[in-house]
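Here is what each chain is made of, one letter per residue.
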Amino acid sequence: MARPVPSSAGYGAKSSAAKEVQVREVDVERVEVINELYIQPPHRLSKPHQYFPFDIFSGRLHKQLLDRGETLGLTPHLVEELQYVRDHCMTPPFPWGQIIYRSFVLGNIIQQDIPGHFAELGIGQGGTSIFFARLAKMYGRKFLAVDSFEGLPEPDMTKDNHYFVQGDYRPKNEVDQLQCFMDYMKDKDIEDTLTVKKCFFKDLDIPDEFDKFAFVHLDSDLYDSVYDSLEKVWDRVADGGCVAVDDFFHHAQGPARAVADFFRTRGNPNGEPPLLYVVPTYAIVIVKGRSAFIERPPNGSSSSSSAQRRSGSMHGPRALDGNYYSFKMVRSCQPFIRAVEESVRSATAASQAPNLDEVQQQAINRARINAEAFLSFLKYPDNAARSGSDILRYLWPLEDQWDISQGTLNGMAGVARNTIEIGI
Ligand SMILES: C[S@@+](CC[C@H](N)C(=O)[O-])C[C@H]1O[C@@H](n2cnc3c(N)ncnc32)[C@H](O)[C@@H]1O
């Protein structure tokens, strides 16, 4: 049965005062049983690894990606350095984190003469530490590598969403992980550059020679681990140096909460929120001395009182999650953009293949549409209008990666799962 809507109802009431609108009345007594038996709709590739985003971020395809590294624009030297450590790095950050951080280090730290050494807190099997220790050595810097070598400490369930468990990333079969790392680094020509500390971060005593840091990689998954690391290193980071925090967008969310809590009180002297440079896929970089408030240089004619009043504006609107993000680092990585272009081409070709059934067609289209959306986001001029939704535009095309990376909990009730072990 239909009934008239009173003219005062709704936002449009004023302009359509006399008009009667017919609406269907909902019978609230006829309730439907909700039955969630459709666990996963079929329009996803069951083995998505050859398409976006896994052709760019998957551990399985590292080899192919590096084999064509030079056609993507990576130098032969960089490809060789990445090949060197490939089997001892986790994905992500490998390989795009390494590539993008390295270019920040060369362009913004080495070329700008920012003083300080390099460090990684949370080294896993140590490939990333070796990669950056070799870079440190080339420019006369030292490298500090810190890990429990026993895996993660206990998560704090009030700060870390349910995902990681104590002991994740410990080595298989009680192998001595520190010894494995020391053996692995032996022929890497960094013995005079690398200092290794085995401890939990809260107990870390940073050796005196590391009085300043220019580049620190924090990769430790949990709220307390990241917060403790920031407490230890941030005061030693030189102005213009940076801290990279991996796992920031991981659905466990501990690192993002640790960054928010730490920088709320300790980050910038003027209490300004940090500018977070996004690095695919999970990471952000914070450059010391650079906040989301972009100060206008004082003009010569200002009086002393107006000179004290700082003028400027924010880098862009606050993002949907309350942070301020920059996509400059990822948008200026040309090899990465070329890899995404290739991904679009291969998904497009696959979607045009004959004899695809409807589900396959939809699944490949989904990967193609995501690749195209990601590419157009990357190619959007970084100095054009910014939006609080930009972070959504970055995250959304990566949906398959976020979803699949929850795999260790899929099908498991509660915390009853095996720990993630490092295969040494
Ligand atoms: C994901 S793995 C690191 C991967 C590595 N950075 C890479 O690029 O391949 C995380 C590491 O952090 C270490 N870790 C996490 N929290 C820690 C803490 N509070 N103290 C010491 N080590 C910690 C774990 O032992 C583990 O080796």
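Refer to the structure presented above.
Since we're looking at a predicted model, the values are computed, not measured.

About the criteria used
- Residues numbered from 1 in each chain as written.
- Predicted model: local features only at pLDDT ≥ 70, side-chain atom pairs only at ≥ 80, totals over all residues.
- Helix = DSSP H or I, 4+ residues; strand = E, 2+ residues; numbered from the N terminus.
- Buried ≥ 20, exposed ≤ 12 C-beta atoms within 10 Å, placed from the backbone.
- Contact = placed C-beta atoms within 7 Å.
- Near = placed C-beta within 6 Å.
- Nonpolar A, V, L, I, M, F, W, Y, C, P; charged D, E, K, R; others polar.
- Axes fitted to C-alpha atoms, helices over the stretch in contact; angles between N-to-C directions.
- Left-handed = near helix turned anticlockwise from the far one by under 90°.
- Pairing = 2+ DSSP bridges.
- Expected span 1.5 Å × (residues − 1).
- Core = buried A, V, L, I, M, F, W, Y, C linked by C-beta atoms within 7 Å.

Peer 1: So what's going on with the overall build of the chain? Residues and values would help.
Peer 2: When its secondary structure is counted, the chain shows 15 helices and 14 strands. Among the 424 residues that make up the chain, the fraction classed as buried is 37%. Within the chain, residue pairs in contact and separated by at least 24 positions form 72% of the contacts whose partners lie at least 6 positions apart.

Peer 1: Help me get a handle on the site of the ligand, residues and values and all.
Peer 2: Near the ligand you find 23 residues, and of these G122, G124, T128, S220 and S225 are the closest. Secondary-structure elements contributing two or more residues to the shell around the ligand are α6 (127–138) and α8 (223–233). Of the residues contributing to the shell around the ligand, the split by class is ten nonpolar, eight polar and five charged.

Peer 1: Go over the packing of α8 against helix α9 (residues 254–265), please, and point to the residues and values.
Peer 2: Put simply, α8 and α9 touch, their axes get as near as 7 Å, and they point 35 degrees apart. Crossing of α8 against α9: the hand is right-handed. From α8, Y223, V226, Y227 and L230 reach across to α9, where they touch G254, P255, R257, A258, V259, D261 and F262. For the contact of α8 with α9, a count of residues per class yields eight nonpolar, one polar and two charged.

Peer 1: Requested: an account of the sheet that holds strand β7 (residues 213–218), with residues and values cited.
Peer 2: Judged by pairing direction, the sheet is mixed, and its eight strands sit side by side in the order β6-β4-β3-β7-β8-β10-β9-β13 without closing on themselves. Looking along the sheet, the strands with just one partner apiece sit at the ends: β6 (194–198) and β13 (324–326). Averaged over all neighbouring strand pairs, the angle between strand axes comes to 20 degrees, with direction disregarded. Across three bridges, strand β9 (residues 275–279) lies against β13 in parallel orientation. Within β13, the residue paired with L276 across the bridge is Y325. Helix-sheet contacts for α6 involve β3 (117–121), β4 (143–147), β6 and β7, and the interaxial angle to β3 is about 175 degrees.

Peer 1: Give a detailed account of α9, specifying residues and quantitative values.
Peer 2: Over its twelve residues, α9 runs 17 Å from end to end, which matches the ideal 16 Å to within 8%, given 1.5 Å per residue. Taken together, the buried positions of α9 are G254, P255, A256, A258, V259, F262 and F263. As for α9, its buried residues are in contact with α8 and β8 (237–245).

Peer 1: So what's going on with the environment of R331? Residues and values would help.
Peer 2: Along the chain, R331 falls in helix α11 (residues 328–331). Given 17 C-beta atoms within 10 Å, R331 falls into the partly exposed group. R331 sits 48 residues away from K379 along the chain, and the two C-alpha atoms are 6.9 Å apart. Sequence-distant contacts of R331, defined by excluding residues within four places in its chain, comprise L378 and D382.

Peer 1: Tell me what's going on with unusual backbone geometry, and back it up with residues and numbers.
Peer 2: Omega for the peptide link from P92 to P93 comes to 15 degrees, which places this bond in the cis form. When you line up the elements, P93 lands in the loop between α4 (76–85) and α5 (96–110). In this chain, F94 is followed by P95 through a cis amide linkage whose omega measures -10 degrees. Mapped onto the elements of the fold, P95 is located in the loop between α4 and α5. A positive phi angle, near 65 degrees, is found at N355, a position not held by glycine. A residue is classified by how many C-beta atoms lie within 10 Å of it, and N355, with 5 of them, is exposed.

Peer 1: Describe the nonpolar core, and please don't skip the residues or the numbers.
Peer 2: Judged by nonpolar contacts, the single largest core of 93 residues is most densely connected at V279, I284 and V285. Setting aside its immediate chain neighbours within four residues, V279 contacts G97, I100, A244, I284, V285, M329 and V330.

Peer 1: So what about α5? Which residues, and what values?
Peer 2: With 15 residues, α5 extends 20 Å from end C-alpha to end C-alpha; this agrees with the ideal 21 Å at 1.5 Å per step. Residues W96, G97, Q98, I99, I100, Y101, V105 and I109 constitute the buried set of α5.

Peer 1: Talk me through the environment of D382; I want residue IDs and the actual numbers.
Peer 2: Within the secondary structure layout, D382 lies in the loop between α13 (358–379) and α14 (390–395). Each C-alpha atom of the pair D382 and F327 lies 7.1 Å from the other, and the pair is 55 residues apart in sequence. In contact with D382, other than residues within four places in its own chain, are F327, K328 and R331.

Peer 1: I'd like to hear about the pairing of β9, residue by residue, with values.
Peer 2: The buried fraction of β9 amounts to five of the five residues, a majority that puts the element mostly inside the structure. Residues of β9 alternate between two faces, with L275, Y277 and V279 on one and L276 and V278 on the opposite face, all of them buried. As defined by bridge partners, β9 adjoins strand β10 (residues 283–287) across three bridges and the pair is classed as antiparallel. Looking at β10, one finds that V278 is bridged to I284. The antiparallel hairpin formed by β9 and β10 contains three residues in its connecting segment.

Peer 1: Describe the environment of I286, listing the residues and the values that go with them.
Peer 2: Position of I286 among the secondary structure elements: in strand β10. C-beta crowding within 10 Å serves as the criterion here: with 24 such atoms nearby, I286 is assigned to the buried category. Spatially, the C-alpha atoms of I286 and G240 are 9.6 Å apart, while their sequence positions differ by 46 residues. In this view, I286 contacts C242, V243, P274 and L276; residues no more than four positions away in its chain are not counted.

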